[in-house]
Amino acid sequence: AVAWLVLIAVLALLPLSGSYATGLAAEVLIFAIFAMSLDLLIGYTGLLSFGHAAFFGVAAYAVVILGVGFGLSGWIGLAAGIVVSTAVAAVIGFFAIRVSGIPFLMLTMAFAQLLFSLSIKWRSVTGGTDGLSGFQRPTLFGMSLDNRAVQFYVVAAGFLIVLVFLRRLIASPLGSIFIGIRENEQRMRAAGYPVQRFKLVAFALAGALAGIGGGLYALQNAYVSSDILHWSLSGDAIIMVILGGTGTIVGPAIGAAVFLLLKYVVSSHTEYWLLWVGVIFILCVMFLPQGIWGWVRQRWTGTRA
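A quick note: this is a predicted structure, and the numbers were derived from the prediction, not measured. (Residues numbered from 1 in each chain as written. Predicted model: local features only at pLDDT ≥ 70, side-chain atom pairs only at ≥ 80, totals over all residues. Heavy atoms only, no water.)

Caption draft 1: How the structure looks around the overall build of the chain. Along the backbone of the chain there are 14 helices and two strands. By the compact-globule yardstick of 19 Å for 305 residues, the chain fits well, its C-alpha radius of gyration being 19 Å. In terms of overall dimensions, the chain has C-alpha extents of about 55 × 45 × 40 Å along its principal axes. Taken over 305 residues, the chain has a buried fraction of 48%. Counting only contacts in the chain whose residues sit at least 6 apart along the sequence, the fraction spanning at least 24 positions is 76%. Carbon and sulfur atoms provide 69% of the accessible area of the chain, an area that totals close to 14,700 Å². (Helix = DSSP H or I, 4+ residues; strand = E, 2+ residues; numbered from the N terminus. Rg over C-alpha atoms; globule rule 2.2 N^0.38 Å. Buried < 20%, exposed > 50% of the residue type's maximum accessible area, 1.4 Å probe, protein only. Contact = heavy atoms within 4.5 Å. Areas by Shrake-Rupley, 256 points an atom, 1.4 Å probe, with all protein chains shown as cover.)

Caption draft 2: Just the side chain of Thr126, in detail. Summarising the element assignment, Thr126 is placed in helix H6 (residues 123-126). Looking at Thr126, its side chain comes within polar contact range of the main-chain oxygen of Ser119, at 2.4 Å. Setting aside anything within four residues of it in sequence, one finds Thr126 in contact with Tyr61, Leu118, Ser119, Gly131 and Leu132. (Polar contact = N/O pair within 3.5 Å; in protein donor to acceptor, adjacent residues only side chain to side chain.)

Caption draft 3: Representation of the pattern of salt bridges. Within this structure, the stated rule accounts for five salt bridges. Between Lys199 and Glu185 there is a salt bridge; the shortest N-O distance is 3.0 Å. Of this pair, Lys199 sits in helix H10 (residues 195-221) while Glu185 sits in helix H9 (residues 185-190); the two residues are 14 residues apart in sequence, bridging distant segments of the chain. A residue is classified by how much of its surface remains accessible, and Lys199, at 3% relative accessible area, is buried. On the basis of relative accessible area, Glu185 is assigned to the partly exposed category, the value being 22%. Through salt bridges with shared partners, one network takes in Glu185, Arg189 and Lys199. (Salt bridge = Lys/Arg side-chain N within 4 Å of Asp/Glu carboxyl O.)

Caption draft 4: Region of the structure containing the packing of helix H2 (residues 19-42) against H10. The N-to-C vectors of H2 and H10 enclose an angle of 170°; their axes lie 7 Å apart at closest approach. When the axes of H2 and H10 are compared, the pair comes out roughly antiparallel. Mapping the contact onto sequence places Gly23, Ala26, Glu27, Ile30, Phe31, Ile33, Phe34, Ser37, Leu40 and Leu41 in H2 and Ala202, Phe203, Leu205, Ala206, Leu209, Ala210, Gly213, Leu216, Tyr217 and Gln220 in H10. Here the contact of H2 with H10 is built from residues that sort into 15 nonpolar, four polar and one charged. (Axes fitted to C-alpha atoms, helices over the stretch in contact; angles between N-to-C directions. Parallel < 35°, antiparallel > 145°, perpendicular 65-115°, else oblique. Nonpolar A, V, L, I, M, F, W, Y, C, P; charged D, E, K, R; others polar.)

Caption draft 5: Quick peek at the environment of Ala25. Tracing the backbone shows Ala25 in helix H2. Residues Ala25 and Leu260 lie 235 residues apart in sequence; the distance between their C-alpha atoms is 9.7 Å. Residues in contact with Ala25, not counting those within four places in the same chain, are Leu14 and Phe152.

Caption draft 6: Representation of the packing of aromatic side chains within the structure. Summed over all chains, the structure comprises twelve aromatic pairs. In this structure, Arg98 is placed above the aromatic ring of Phe94, and the distance from its NZ or CZ to the ring centre is 4.3 Å. Directly above the aromatic system of Tyr264 lies the positively charged group of Lys263, at a separation of 5.8 Å from the ring centroid. (Phe/Tyr/Trp six-rings, centres within 6.5 Å; stacked < 30°, edge-to-face > 60°. Lys NZ or Arg CZ within 6 Å of the ring centre and 35° of its normal.)

Caption draft 7: Just H2, in detail. Taking 1.5 Å of rise per residue, 24 residues should cover 34 Å, and H2 covers 34 Å from first to last C-alpha, within 8% of that figure. Of all 24 residues that make up H2, 21 are buried, and the element is covered over most of its length. (Expected span 1.5 Å × (residues − 1).)

Honestly, it's all geometry; don't read function into it.
In C-alpha cells, the structure reads:
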C-alpha cells in the first residue's frame, strides 16, 4: 500500500517539474507499457518475440489515420488501435506459436518487417517514410491534450491500468498457466493443458497491451512514422526488459526508464551514445543477470531474511 501511494504521489507531482521533464516522463511511461507487454511473453510465457513493435506501431497508425483521414476523435482511435493491435497479434500469433526457439523469433520479426514495408509502400494511407502529421489531439473534460500536464496524466493513468492488470493477471490461474508453460512446456502438455491455445492467448494479450502504449504514443506526439514498426524498436524493448529484469512486472518499466534516460543524457554529450548504452547493457547482463529490479528485490529479500 505504501509503495502504491508513493508511486501515485510521484506521478501526480511530476508535471510540476517543468514541460521538458514532463514530456520525457510521459515517454518513459509509454515505453514502460511497451516493455511490460513484451515481458508478458518473454518473462512469463517464455516466448522471445522480435516483432513486438508491430503491435505498438499498428495501434499508433490506427489513431492517427482515423483522426487525420476520417476526423474521428483520438479516444475512438485509441480504442480502435487496441482492437486492431489485438487482432494483428492474434493473426501473427496463430502462425508463430507453431514453432519455437529461433524460428519463432525469426517468424515474429518477419511479420513485423512485412508491416514495416507495407507502411513505406502504402503512401496514400500511411504517408510512407514521411509519416503522418496533422493529427488534432482530443480533449478530456474540456482540457486539451495539447497541454503537457494533461498528456502526462492520461499516459500515467494508462500506465497504472496496465500495471494493475498485469499484477492481477500474473496472480490469477491464467498467469500460473503462462508460468507453467515457461518452466516446462512438455509437463503442461502431459497434464492436459492446451498449450498452443494458451500461447495464443498470451500473444494476443501482449499485443493488446502494446497497443495501449502505441495509442498513447500517437496521442502524445500527434505524429506517426514507419520507424515505430521497424525491428530495431523491438530490439530496444528486449533490452529494456533484460535491463530491468524479466518476469518481474515492474522491472521492464525500470529498464525503459534507464534506457531512455541513458539515451538522452549520453547523446547530449557524444554522438556515440549507442556504444555506451551497449557497454552498460553488456555489464548488466554479465554482473546483474536477473536485471536491475531483480537484483534489488533479491537484496531486499535477503536483508529482510
